[in-house]
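# Commentary on secondary and tertiary structure
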Amino acid sequence: MHNIVILTGAGISAESGVPTFRTKSGTTYWETYEDDLVPKYHRVEDVCTPEALAADPELVHRFYDLRRAGLASVEPNAAHAALARLDREWSGALLIVTQNVDDLHERAGAKRMLHMHGALKQSLCAACGVRFDWADDLPPCTSCPACAAPRLRPDIVFFGEIPYHMDRIEAALAQADLFVSIGTSGAVYPAAGFVRLASAYGAATLELNLERSEGSGWFEESRLGPASQLVPEWVEQMLSR
């Protein structure tokens, strides 16, 4: 098991207090909080599509401003810490691919990783394509520091857009001896198809999840339970070999 590719999803950050966006019924909503802390739910179509950004930029920018600000109140948990330890100590090839847009993997110390759906603490110029670190609110029509166009947006891959780093991810999957999925629903593509791609290339496959995902049947092994328990146990197992 020399080369490992790990996919992480909302379940790994949920134990840190980062809200997930998929309800138990399978209907997808995104949760945020207004100034009075009353929960408010938005359809994906209203906050996470290019059409939503064009139709109501105030809502979309405000939604991501609140999510970005919310990162200040959460911390990496034991699962993030365990993956950072694996990153430090594993001598083989390792790639952590996260669907999450929070910064908890980085804050735990992970280095060999990619954000396939973007990052809350980055902005993207829709005119010139340059990305910038961004920690504060991002009002609509903010000017780009590089080209001055008033077209900065959250650096988030909206539904209908192509995820980042797909070439690098697919190349890593082609070389993987082991593919591990942690805290994912198995419902959002293309990430949901990684297990089948890894299997086709001959990798062993393992799912670590709170409950069986929509793609559990594609994994050779599924271990069910909290990520903060399962991931440290698995990392210890790998490093003690």
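Every value quoted in this text rests on a predicted model; they were computed, and no experiment measured them. (Residues numbered from 1 in each chain as written. Predicted model: local features only at pLDDT ≥ 70, side-chain atom pairs only at ≥ 80, totals over all residues. Heavy atoms only, no water.)

## Examining the nonpolar core
Short version of the rule: Each nonpolar core is a collection of buried residues, namely Ala, Val, Leu, Ile, Met, Phe, Trp, Tyr and Cys, held together in the definition by side-chain atoms within 4.5 Å. Throughout, exposure labels follow a simple rule: accessible area from a 1.4 Å probe, protein chains only, divided by the maximum for the residue type, with under 20% read as buried, over 50% as exposed, and the rest as partly exposed. Each helix corresponds to a stretch of at least 4 residues labelled H or I by DSSP, and each strand to a stretch of at least 2 residues labelled E; elements are numbered beginning at the N terminus. Any two residues having at least one pair of non-hydrogen atoms within 4.5 Å are treated as being in contact.
Counting 24 residues, the largest nonpolar core has Ile-6, Leu-83, Ile-182, Val-231 and Trp-234 as its most contacted members. The dominant element in this core, judged by the number of residues it contributes, is helix H9 (residues 227-239), at six residues. Contacts of Ile-182, omitting those with residues within four sequence positions, involve Ile-6, Leu-7, Thr-8, Gly-9, Ile-12, Leu-83, Leu-208, Ala-227 and Val-231. In terms of nonpolar packing, the next biggest core, distinct from the first, is built from 18 residues, Leu-7, Met-116, Phe-179 and Ala-203 among them.

## Things to note about the layout of surface pockets
Applied cut-off: The definitions used throughout rest on a 1 Å grid laid over the protein atoms alone, on which a cavity is an enclosed set of points accommodating a 1.4 Å probe that cannot get out and a pocket is an open set flanked by protein within 12 Å on both sides along at least five of seven lines; lining residues are those having an atom within 4 Å of a point. Grid points are joined across faces, edges and corners, and a volume is the space filled by probe spheres set on the points.
Its volume calculated, the second largest pocket comes out at about 180 Å³. Around the second largest pocket, the lining residues are Leu-53, Pro-57, His-61, Ala-126, Pro-140, Cys-141, Pro-150, Arg-151, Leu-152 and Arg-153. Breaking the lining of the second largest pocket down by element, the ones donating at least two residues are helix H4 (57-70) and strand E8 (152-156).

## Details of the UniProt feature "binding site: NAD(+)" (unreviewed entry) in the protein chain
This is how it is decided: UniProt positions are given in the numbering used here, feature names are shortened, and annotations may be inferred rather than shown by experiment.
As annotated by UniProt and renumbered to match this structure, "binding site: NAD(+)" (unreviewed entry) occupies Gln-99, Asn-100, Val-101, Asp-102, Gly-183, Thr-184, Ser-185, Asn-209, Leu-210, Glu-211 and Ala-227. For Thr-184, the position within the fold is in the loop between strand E9 (178-182) and helix H8 (194-200). The buried category is assigned to Thr-184, whose relative accessible area is 10%. Turning to its location among the elements, Leu-210 is positioned in the loop between strand E10 (204-209) and strand E11 (221-224).

## With respect to the sheet that holds strand E6 (residues 118-125)
To keep it simple, the criterion reads: Pairing between strands is defined by DSSP: at least two bridges between the two strands are required. Orientation is described by lines fitted to C-alpha atoms, with helices fitted over the stretch in contact, and by angles between N-to-C directions that extend from 0 to 180 degrees.
Spatial ordering of the open sheet is given by E7-E6-E8, a layout of three strands whose pairing is antiparallel. Pairing within the sheet leaves two strands with one partner each, and these edge strands are strand E7 (131-133) and E8. Direction aside, neighbouring strands of the sheet carry axes that sit 45° apart on average. With three bridges joining them, E6 and E7 adopt antiparallel strand pairing. If you follow Ser-123 over to E7, its bridge partner there is Phe-132. Against the sheet, H4 touches E6 and E8, its axis set at about 55° to E8.

## Notes on the environment of Ala-108
For Ala-108, the location among the structural elements is in helix H6 (residues 104-108). For the pair Ala-108 and Asn-77, spaced 31 residues apart in sequence, the C-alpha separation works out to 8.2 Å. Apart from the residues lying within four places of it in its own chain, the contact partners of Ala-108 are Pro-76, His-80, Ala-81, Ala-84 and Arg-88.

## With respect to the pairing of E8
Strand residues, when the strand is regular, have side chains that alternate between the two faces of the sheet. In terms of burial, E8 is a largely internal element, five of the five residues being buried. One ladder, built from four bridges, connects E6 with E8; its direction is antiparallel. Within the sheet, the bridge partner assigned to Leu-124 lies in E8 and is Arg-153.

## Section: unusual backbone geometry
Here the residue pair Tyr-189 and Pro-190 is connected by a cis peptide bond, since its omega of 10° sits within 30 degrees of zero. When you line up the elements, Pro-190 lands in the loop between E9 and H8. The phi torsion at Cys-141 lies on the positive side, around 70°, for a residue other than glycine. Tracing the chain through its elements places Cys-141 in the loop between E7 and E8. The class for Cys-141 is exposed, based on a relative accessible area of 59%. Despite not being glycine, His-165 has its phi angle at roughly 65°, a positive value. If you trace the backbone, His-165 turns up in the loop between E8 and helix H7 (166-175).

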